[in-house]
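Breakdown of the fold
Each chain, written out:
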Amino acid sequence: MTATPSHADLVLRSRRVVTPEGTRPAAVAVTDGRITAVLPHGAALPAGARLVDVGDDALLPGLVDTHVHVNDPGRTEWEGFWTATRAAAAGGITTLLDMPLNSLPPTTTAAHLAVKREVARDKAHVDTGFWGGAVPGNVGDLRPLHEAGVFGFKCFLSPSGVEEFPELDAARLEAALTEIAAFDGLLIVHAEDPAHLSGAPQPHGPRYADFLASRPRAAENDAIALLIDLARRLDARVHVLHLSSSDALPMIAAARREGVRITVETCPHFLTLTAEEVPDGATEFKCCPPIRERENQDALWAGLAEGTIDCVVSDHSPCTTDLKVPDFGRAWGGISSLQLGLPAVWTAARARGHGLDDVVRWMSAAPAALARLDGDKGGIAVGRHADFAVLAPEETFTVDPAALHHRNQVTAYAGRTLHGVVRSTWLRGEQITDHGRTTAKAGRLIERTSA
């Protein structure tokens, strides 16, 4: 606990405040959008403070989602900054990073980044930053993008699904990573080996089993092995996106013990949905890499618990309803979960004996650290931004797609009963949602060097 400041703008009080030191009753003082003290629950209020007492509801740091496809500009019928950031806020997310593809233009040059920022500037309900892209032919654009403030660079090792964002072969991957390592940047990688994908049975028709067979675990495993080898040789920082194959966990853990600078994420759908439960034709469950079997999910949870997997982020990848045709070969692959990630993960985590401290570490602290935003985001601690999610952990709700804020109300969670209702979300001390309803638009555009 810290000393009571003489003055504060706001105090939020809860019997369950999730801090880096644990969960306890506390009162959090806020001035000028930053946390100035974490006080005992019954402490006297600083002069001038407005008190918001949330009772038994839990006070969490705002979530940080480093994997969001906003698709704006260019494919705004799929999603957009106005709708995506509203959905994020309703789900307790206060900071998100936008992926460089699915928008037109893709964020592969500093000029394209400027276009993206101009579109987003007046539409952000939460703090919003940007990844750059590494594609064939843009090695010379990587340093200027870095200097312009992107948080790192995304690449694909297999086809991305959109022609304007091609994949890198092994030689181009090494060239891009060599350049990125020269300024200690971060490369984030969709790691699936194209040879395994082209050699697998091609997906067609409504059977989920056929689609699952088309994205074998070996495709992920071999791509991650390649990435580890390059990161080791180049002493580069790399991050594995949306890990689906638990088979890769031992090699990742071994690489870390050697000192390889590799981090890993997984996603709510891999932790909460299983291949065995996907109905045939239900392409709202299609994503790449795919939702795998229950025993694989159990191993992912073990990797998360032991720290081999660092963080859990959404990979919110929406599309228009018409693109989710009931054919797994033709349907767009992507799961929309911005608004539902926290309750989905909490529902599964509590059933496995995990607490809110764990969920906050995976969904707030670790993504903030990945983006090097942890001086400002990711924890209820003095000096950080007053970003909060107020959660009723024991309360349940049934997912109604019509209640979701993202543009196309398609979700793999429709009809599921989840634990954890987000009562309100706060960004730098300003309440931006109330029971899912937007109350203010306070988001800012953020850069790698500022938040």
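Residues numbered from 1 in each chain as written. Predicted model: local features only at pLDDT ≥ 70, side-chain atom pairs only at ≥ 80, totals over all residues. Heavy atoms only, no water.

1. Brief notes about the pairing of strand E1 (residues 10-19)
- In terms of residue burial, E1 counts as a mostly covered element, since 8 of its 10 residues are buried.
- Pairing of E1 with strand E4 (residues 50-53), which is carried by 4 bridges, proceeds in the parallel orientation. Within E4, the residue paired with Leu10 across the bridge is Arg50.
- Relative to strand E5 (residues 58-61), E1 runs parallel, the two being bridged by 2 bridges. Paired with Arg16 across the strands is Ala58, a residue of E5. (Buried < 20%, exposed > 50% of the residue type's maximum accessible area, 1.4 Å probe, protein only. Helix = DSSP H or I, 4+ residues; strand = E, 2+ residues; numbered from the N terminus. Pairing = 2+ DSSP bridges.)

2. A look at the packing of aromatic side chains
- Going through the model one piece at a time under the given rule, you end up with 8 aromatic pairs.
- Both rings, one in Tyr208 and one in Phe211, keep their centres 5.8 Å apart while their planes meet at 55°; by these two values the pair is tilted. Remark: Phe211 and Tyr208 occur in helix H6 (residues 208-214); sequence separation between them is 3 residues, near one turn of the helix.
- A residue is classified by how much of its surface remains accessible, and Phe211, at 1% relative accessible area, is buried.
- Ring-pair connections join several aromatic residues into one group, and the members of that group are Tyr208, Phe211 and Phe328. (Phe/Tyr/Trp six-rings, centres within 6.5 Å; stacked < 30°, edge-to-face > 60°.)

3. What to know about the pattern of salt bridges
- Evaluated as defined, the whole model comprises 35 salt bridges.
- Across the salt bridge formed by Asp53 and Arg13, the nearest N and O atoms sit 3.0 Å from each other. Highlighted residues: Asp53 in strand E4 and Arg13 in strand E1, separated in sequence by 40 residues.
- On the basis of relative accessibility, which here comes to 17%, the residue Arg13 falls in the buried class.
- Salt-bridge contacts for Glu395 lead to Arg423; the nearest nitrogen and oxygen are separated by 2.7 Å. Of this pair, Glu395 sits in strand E15 (residues 388-398) while Arg423 is found in strand E16 (residues 417-427), placing the two residues 28 residues apart along the sequence. (Salt bridge = Lys/Arg side-chain N within 4 Å of Asp/Glu carboxyl O.)

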